[in-house]
Amino acid sequence: MPPATTTLDPDTVAYLRGLKQGGVVLGLDRMRGFVAALGQPQDRVPVIHIAGTNGKGSVAAMLESILRRAGWRTGLYTSPHLVRLGERIQVNRQPIDSAALAAYVREFRPVVADLVARGGAAARPSYFEFMTGLALVHFARSACDIAIIEVGMGGRLDATNVVTSEVSVITSIGLDHMDFLGSTLAAIAREKAGVIKPGRPVVIGALQREAEAVVRETAAAASAPVVSVAGTFGSDPTGYPTTNLAGAYQQANAATATLAARQLAPRWRLDARTIEAGLADVSWPGRWQEIEVGERRVIIDSSHNEEGAAALDAALAGLVEKTGSRPVVVVGVLGAVRARPLLATIGRHASEIRLVRPQQARACSFEDLEALVPAGFGGAVVRSSLDALFPGPGVCLPDVAARIPVVVTGSIYLAGEALARIDPSLGPVEHELQDF
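Residues numbered from 1 in each chain as written. Predicted model: local features only at pLDDT ≥ 70, side-chain atom pairs only at ≥ 80, totals over all residues. Heavy atoms only, no water.

*Asks:* Could you give an account of the overall build of the protein, with specific residues and numbers?
*Replies:* The helix and strand inventory of the protein stands at 16 helices and 14 strands. In terms of C-alpha radius of gyration, the protein reaches 21 Å, essentially the compact-globule figure of 22 Å for 436 residues. C-alpha atoms of the protein, sized along the principal axes, occupy 60 × 50 × 40 Å. Of the roughly 16,900 Å² of accessible surface on the protein, a fraction of 51% belongs to carbon and sulfur atoms. Charge centroids of the protein, computed over 42 positive and 43 negative side chains, lie 3 Å from each other. (Helix = DSSP H or I, 4+ residues; strand = E, 2+ residues; numbered from the N terminus. Rg over C-alpha atoms; globule rule 2.2 N^0.38 Å. Areas by Shrake-Rupley, 256 points an atom, 1.4 Å probe, with all protein chains shown as cover. Lys, Arg positive; Asp, Glu negative; His and termini not counted. Charge placed at Lys NZ, Arg CZ, Asp CG, Glu CD.)

So, in structure tokens, the structure goes:
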């Protein structure tokens, strides 16, 4: 992730913050009106559309790497950002410059004002809709050959679903965002399967039987052919394609990206060698990312829900086996529903737990986190802060032996804060421009 070149000006931040006050609003009517006013930019660049509970960002980064390796000019749209807002909108893996982003905001403000004048407040795009429209315009003006678009939430009613994709990808389905998407795997699968387009291929990762049945039913109704990781590579991840990204769960993501690339292969000239080379050179910070801080190994990970906790369980077990030491685990989470499975997992592997609160209003309190630490956990549980954990350049947990690894996990917002603390050139963190 290259250093930011500028900081967003206060007027731009204030305008985007004003859009944020409308909250998360699912539905396509406003978005269709917005992209129409912008000249239908979604029709000017071919798209790979990626939905899923976990893994969609990693798969997006893998596909971007493969396509760029083949010589194509790529757009990449993901969310949320780790440190800077511009990370969400990248061309050939270069984040949009803050000055360029601010220029787009100035250009689009009259467009939004006109929509509101004609249609009332209900016509005003949400913050995520505004950013999605901005990304689509930027990719078109940047002459991207293809764009990889990650869904924000769900799929069927997500702002990104104004695109008609070359291929739709559904990486995984778990119980997350249930207040918006439904309380069962089937209901959530139905929302995510909304990205499927008539006649366009669908790639599915490792889905539970209930969720896969819904996706296949939706695809059949749209006459969309389906290929799956299990159906192609089997159920044993040791036989899956490999990637440079650490973490055993990334093999399933690599298999998903490989299948998507194969669907694109004839038109986009993606042979096996190009796919393999692309997977071997992927950059995706904050996902089991190992960093040397002084003499200490620090791992930044953004496992933030029940499905992520299962992946974290395997990763922590592997870390203990590899290093011979139980790590100090730093954890901060948004919401007790997400925190419960993470703390249960962490309690099985940590020597000590340091609790922190990400700078987000919905961050769990210390009391909430302490109540979720397993009763049998024998190590220390300490309230802390990133200032205390990273007190200076090249310093991490000076009160703990250097041979003990440190894992920072939970909210992606915490991952971004930690990365900015480790490398100040990335910051400051643009907290107030996160989605929710």
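Next, the rest of the story.
*Asks:* Requested: an account of the environment of Thr 74, with residues and values cited.
*Replies:* The topology assignment puts Thr 74 in strand β2 (residues 74–77). Relative accessible area serves as the criterion here: at 0%, Thr 74 is assigned to the buried category. As a C-alpha pair, Thr 74 and Val 91 span 17 residues in sequence and 5.6 Å in three-dimensional space. Leaving out residues up to four positions away in the same chain, Thr 74 has contacts with Glu 64, Leu 67, Arg 68, Gln 90, Val 91, Asn 92, Cys 144, Ile 146 and Ile 148. (Buried < 20%, exposed > 50% of the residue type's maximum accessible area, 1.4 Å probe, protein only. Contact = heavy atoms within 4.5 Å.)

*Asks:* Please provide a residue-by-residue account of the sheet that holds strand β6 (residues 167–170), values included.
*Replies:* The sheet built from eight strands is open, its strands ordered β4-β3-β2-β5-β1-β6-β7-β8 with mixed pairing. Of all strands in the sheet, those with a lone pairing partner are β4 (94–95) and β8 (226–228), marking the two edges. Both β2 and strand β5 (residues 146–150) contribute to a ladder of four bridges, which runs parallel. Among the inter-strand pairings, Leu 76 is bridged to a residue of β5, identified as Ile 148. In this fold helix α8 (residues 209–221) packs onto β6, β7 (202–204) and β8, with an angle of close to 175 degrees to the strand it touches most, β7. (Pairing = 2+ DSSP bridges. Axes fitted to C-alpha atoms, helices over the stretch in contact; angles between N-to-C directions.)

*Asks:* Could you give an account of unusual backbone geometry, naming the residues involved and the relevant values?
*Replies:* With an omega of -5 degrees, the peptide bond between Ser 79 and Pro 80 qualifies as cis. By the element assignment, Pro 80 lies in the loop between β2 and β3 (89–91). A positive phi is found at Trp 288, a non-glycine position, where the angle reads about 45 degrees. By the secondary structure assignment, Trp 288 is in the loop between α11 (272–279) and β9 (289–293). We note that Leu 397 has phi near 45 degrees; this positive angle belongs to a residue other than glycine. Looking at the element boundaries, Leu 397 is found in the loop between α15 (386–389) and β14 (406–410).

*Asks:* Go over the layout of surface pockets, please, and point to the residues and values.
*Replies:* Volume-wise, the second largest pocket comes out at about 400 Å³. If you trace the second largest pocket, you find 18 residues lining it, with Asp 176, His 177, Met 178, Asp 179 and Arg 338 closest to the centre. Among the elements that line the lining of the second largest pocket, the one with the most residues is helix α13 (residues 336–349), at four residues. (1 Å grid on protein atoms, 1.4 Å probe; cavity = no way out; pocket = protein on both sides within 12 Å on 5 of 7 lines; lining within 4 Å. Points joined across faces, edges and corners; volume = space filled by probe spheres on them.)

*Asks:* Help me get a handle on the packing of aromatic side chains, residues and values and all.
*Replies:* Tallied over the entire structure, the rule returns eight aromatic pairs. Between Phe 34 and Phe 130, the aromatic rings sit 5.8 Å apart at their centres with planes inclined by 20 degrees, giving stacked as the arrangement. Separated by 96 residues along the polypeptide, Phe 34 in helix α2 (residues 29–37) and Phe 130 in helix α5 (residues 127–141) bring together distant segments of the chain. Since its relative accessible area comes to 0%, Phe 34 is described here as buried. Assessed through its relative accessible area of 0%, Phe 130 is described here as buried. The interplanar angle of 40 degrees and the centroid separation of 5.8 Å between the aromatic rings of Tyr 104 and Phe 108 together place this pair among those described as tilted. (Phe/Tyr/Trp six-rings, centres within 6.5 Å; stacked < 30°, edge-to-face > 60°.)

*Asks:* Give a detailed account of α11, specifying residues and quantitative values.
*Replies:* Where α11 is concerned, the buried positions are Thr 274, Ile 275, Gly 278 and Leu 279. For α11, the buried positions fall inside an angular range of 130 degrees around the axis, keeping them on one side. For α11, the exposed residues lying more than 90 degrees away from the buried face are Ala 272, Arg 273 and Glu 276. Looking at the buried positions of α11, the neighbouring elements they touch are α3 (56–69) and α10 (249–268). (Arc of directions from axis to C-beta.)

*Asks:* Summarise the pairing of strand β13 (residues 380–383); cite the residues concerned and give the values.
*Replies:* On a regular strand, one side chain projects to one face of the sheet and the next to the other, so that they alternate. Pairing of strand β12 (residues 352–355) with β13, which is carried by four bridges, proceeds in the parallel orientation. Of the residues in β13, the one forming a bridge with Glu 352 is Ala 380. Handedness of the crossover joining β12 and β13 through helix α14 (residues 366–372) is recorded here as right-handed. (Right-handed = clockwise from strand over helix to strand, strands pointing away.)

*Asks:* Account for the nonpolar core, with residues named and values stated.
*Replies:* Leu 16, Phe 130, Met 131, Leu 134 and Phe 139 are the most contacted members of the largest nonpolar core, which has 43 residues in total. Contributions of two or more residues to this core are made by α1 (10–20), α2, β3, α4 (98–119), α5 and β5. At 10 residues, the largest contribution of residues to this core is made by α5. In contact with Leu 16, other than residues within four places in its own chain, are Leu 85, Val 105, Tyr 127, Phe 130, Met 131 and Leu 433. By size, the runner-up hydrophobic cluster in this structure holds 34 residues, among which are Ile 50, Ala 60, Leu 67 and Ile 146. (Core = buried A, V, L, I, M, F, W, Y, C linked by side-chain atoms within 4.5 Å.)

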